[in-house]
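Structure assessment
Okay, here's what each chain looks like letter by letter:
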Amino acid sequence: MLELIFLTRIAIWVKLSAGTIKFSTADYLREMHNSYFAGVIHYGLLLMTIGLLALLTTHCNQPAKPSANATVDWEDTALVAAGEELFETYCITCHAIKGEGSGPALGGITAVTSPQWVADFITNPQQMVAAGDPRAVEVDRAYPAMMPGFQYMAEGDIHALVAYLHSHKEVRAQGVSLPPGIEDPISAPIPLSEVVVELREVMQLPATSDKRPLARINKMVPNPMNELFVQDLNGVLYRIVDGEASVFLDVREHFEHFVSRPGLATGFGSFAFHPDYASNGLLYTTHTEKGSGQTADFALPDSLRALQWVLVEWRTPVPGETPLKGSNRELMRIDYPGTIHGVQNIAFNSTVRPGDPDYGYLYLGAGDGRAALSGYPTLVEGVGSIWGALLRIDPQGTNSANGRYGIPANNPFSETEGAIREIYAHGFRNPHHFIWRADGGLILTNIGERNLESIYVIERGADYGWPRREGSLMIKFAEENTKVYARPDDDKGYSYPVAEYDHDEGRAICGGYVYTGPIRSLSDKWLFGDIVTGRLFFVPAASLREDGDASIQEWRVMLNGQVGTLREHFGKGRIDLRFGYDAAGQYYLMTKWNGKIYQLVNESPSA
């Protein structure tokens, strides 16, 4: 249900499990009937259990709470159609109808409880728990994190969403018995350090949506001219001067098929200024377009294509002029099988200088597009697939297959037959963020599936395991897609994280940056955090190496005189945390749910 925080609850579903259900996601069911893949597509495995049904049907014989909305026609076709769009906008990144997502499948939920109960729960689950609703109390007891309320969503939208769920009534059990996995991959909790840093709100980005998140703030970095830029996934790149945002580029105005929904990461994915921007005026961006757009350079069958990610080069004759004026050209277009885990970060190596082998090469993190989770793990395995890889290209070259960019000769698979020559490293589910240390080491944070969030030191040509490995453990997509297992004794061929945390601690890793500013307690620490919970972590930057002891610690912030976590400060279930920095060495926290930017000011007196 919407952004229900089920990532750490999977172990409880497993404990209650008495069977397994096989389904594909709703995305593919709609298109399978006209695809030659229909005969060979296997359904994604789902741990949906007799225990789950027992939980949902607890007190089932009690009458539903009377409601003024009891006369809603839950089977109205127009309402169902509107609800499908809402589901794909707000829910699909965590849930599917007939296949397991980051949370359990929602098909059949109104068969075991009333549509109105589901609507009430989506609107304000905490209130239902406080009022003693038996089913809500049972859910609250069963899971460590309660779903946040969506009181801000219009009542009609809530009804449409529930009508769409109500249109999927069947739940079919297969009764497959599965071996037990590792329920708690990292048993030791992350310790709380004494570090407390004062935050100061510095600005509010303009709203680009009438629904939360109002401003989908995502990336904040300076360009080579030391100008500060912030990007909104809804399509806008802002230049920041003295705390004021002015539109530098609105990609929505340039691409007819631009889409920013569904999915938490679709839209304007990322941006990167060429290191010689001051002289050549080159800027690079990624964005999403409808799946029925142009022919892709890396294509999928129509039945698998959900959308396309597009890499674009912009050239302006007057670098720094706001708004940007100039021309653009398309460099690369990639079909994607899902609306999440796309090309969410691009960047140039900031530690090299002209003449260095890596100078002017653009890196792109290409996620798996939810392919493994949707029943297509082989689509993202090996160097013959562009999905689930870190790419490196020469945007000024011409020796690619389409002739619009170059393949560096020192790319690890540039001469490998059958390989995607653009690949620099591979085996990632969602290479969400990467950046270089001052010593040139490339650090990448990868958002995991059910169990582990990982930090990697990237080596040229290395395989980081996905979809055979999740973090440091083995995952078995051939049988099911929730449990992890110890690696076999003869484990070979994969590289593993230098630091990781499990889903007892958070849901999705974000960041980070090596802090080089004036706050002594953060000096030379790799700052990162958790997107969903907003928890703030660090490890000593020097420990991020294969033989290092990268022990994670938590830190807190003081805001308006109060010390606490971001969740405690804002009272929100999902924080949508991001990190940023400027050319002056100041560092920032950004919270996408409210579109605000906060500066790390100084050490709190309570530290």
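Per chain, the residues get numbers from 1 upward, laid out in the order the sequence is written. Under the rules for a predicted model, residues below a pLDDT of 70 receive no local features and side-chain atom pairs below 80 are neither given nor counted, while totals for whole chains, interfaces and linings still include all residues. Here the side-chain values reflect all heavy atoms present in the structure, with hydrogen atoms and water set aside.

1. What to know about the pattern of salt bridges
Note the threshold: The working definition used for a salt bridge is a side-chain nitrogen of Lys or Arg within 4 Å of a carboxyl oxygen of Asp or Glu. By definition, any uninterrupted DSSP run of H or I lasting at least four residues is a helix, any uninterrupted run of E lasting at least two residues is a strand, and each is numbered from the N terminus. Buried residues are those whose accessible area, probed at 1.4 Å on protein chains only, stays under 20% of the maximum for their type, while exposed residues exceed 50% and partly exposed ones sit between those limits.
Applying the stated rule across the entire model yields 23 salt bridges. Close ionic contact of Arg468 with Glu381 constitutes a salt bridge, the shortest N to O distance being 2.6 Å. Highlighted residues: Arg468 in the loop between β18 (452-457) and β19 (469-470) and Glu381 in the loop between β13 (362-366) and β14 (389-393), separated in sequence by 87 residues. Among the ionic pairs, Glu505 bridges to Arg535, the shortest N-O distance being 2.7 Å. Of this pair, Glu505 sits in the loop between β22 (499-502) and β23 (509-514) while Arg535 sits in the loop between β24 (525-530) and β25 (536-540), and the two are 30 residues apart along the sequence. For Arg535, a relative accessible area of 16% corresponds to the buried category.

2. Points about the side chain of Gln599
Worth spelling out the cut-off: A 3.5 Å cut-off defines polar contacts: any pair of N or O atoms within that distance qualifies, except that in protein one atom must be a possible hydrogen donor and the other a possible acceptor, and neighbouring residues in sequence count only when both atoms are side-chain atoms. Note on contacts: a residue pair qualifies if any of its non-hydrogen atoms lie within 4.5 Å across the two residues.
With respect to the secondary-structure elements, Gln599 resides in strand β30 (residues 596-603). At 2.9 Å, the side chain of Gln599 and the side chain of Gln586 are in polar contact. When near neighbours in sequence (up to four residues on either side) are disregarded, Gln599 contacts Glu198, Leu199, Arg200, Val202, Gln586, Tyr587 and Tyr588.

3. Quick word on the packing of aromatic side chains
Put simply, the rule reads: The criterion for an aromatic pair is that two Phe, Tyr or Trp rings (for Trp, the six-membered ring) have centres within 6.5 Å, with stacked assigned to planes under 30 degrees apart, edge-to-face to planes over 60 apart and tilted to the rest.
Here the structure, examined in full by the defined rule, presents 21 aromatic pairs. Taking 4.9 Å as the distance between ring centres and 65° as the angle between the ring planes, the aromatic pair formed by Tyr513 and Tyr581 counts as edge-to-face. Here the residue Tyr513 occupies a position in strand β23, and Tyr581 occupies one in strand β28 (residues 577-581), the gap between them amounting to 68 residues. Residue classification places Tyr581 among the partly exposed residues on the basis of a relative accessible area of 21%. Their ring planes at 40° and their centres at 5.6 Å tell us that Phe570 and Tyr598 sit as a pair that is tilted. In this pair, Phe570 is assigned in helix α10 (residues 566-570) and Tyr598 in strand β30, connecting sequence segments 28 residues apart. Exposure remark for Phe570: the relative accessible area of 15% places this residue in the buried category.

4. Things to note about the sheet that holds strand β9 (residues 282-290)
Sheets are built from strands that pair by backbone hydrogen bonding, the pairs being arranged parallel or antiparallel. Operational definition: A pair of strands is treated as paired once DSSP finds two or more bridges between them. Only the stretch in contact is used when a helix axis is fitted, and all axes are lines through C-alpha atoms; the angle between N-to-C directions ranges over 0 to 180 degrees.
In spatial order, the strands read β8-β9-β10-β11; together these four strands make up an open sheet with antiparallel pairing. Edge positions in the sheet fall to β8 (268-273) and β11 (327-336), since each has one partner strand and no second. Recorded for the sheet is a direction-independent mean angle of 20° between the axes of neighbouring strands. Strand direction decides the pairing type here: β8 and β9, joined by five bridges, are antiparallel. Across the sheet, the residue bridging to Phe273 is Leu283, located in β9.

5. As for the confidence of the model for the protein
What counts is decided by this rule: You can read pLDDT as the predictor saying how much it trusts each residue, on a scale of 0 to 100.
Here the protein averages 83 in pLDDT, while 81% of its residues score no lower than 70. Segment residues 1-69: pLDDT under 50, and 178 contacts once partners within four positions in sequence are set aside and those in other chains are kept. Within the model, pLDDT remains below 50 along residues 172-176, and this stretch shows eleven contacts once partners closer than five positions in the same chain are excluded.

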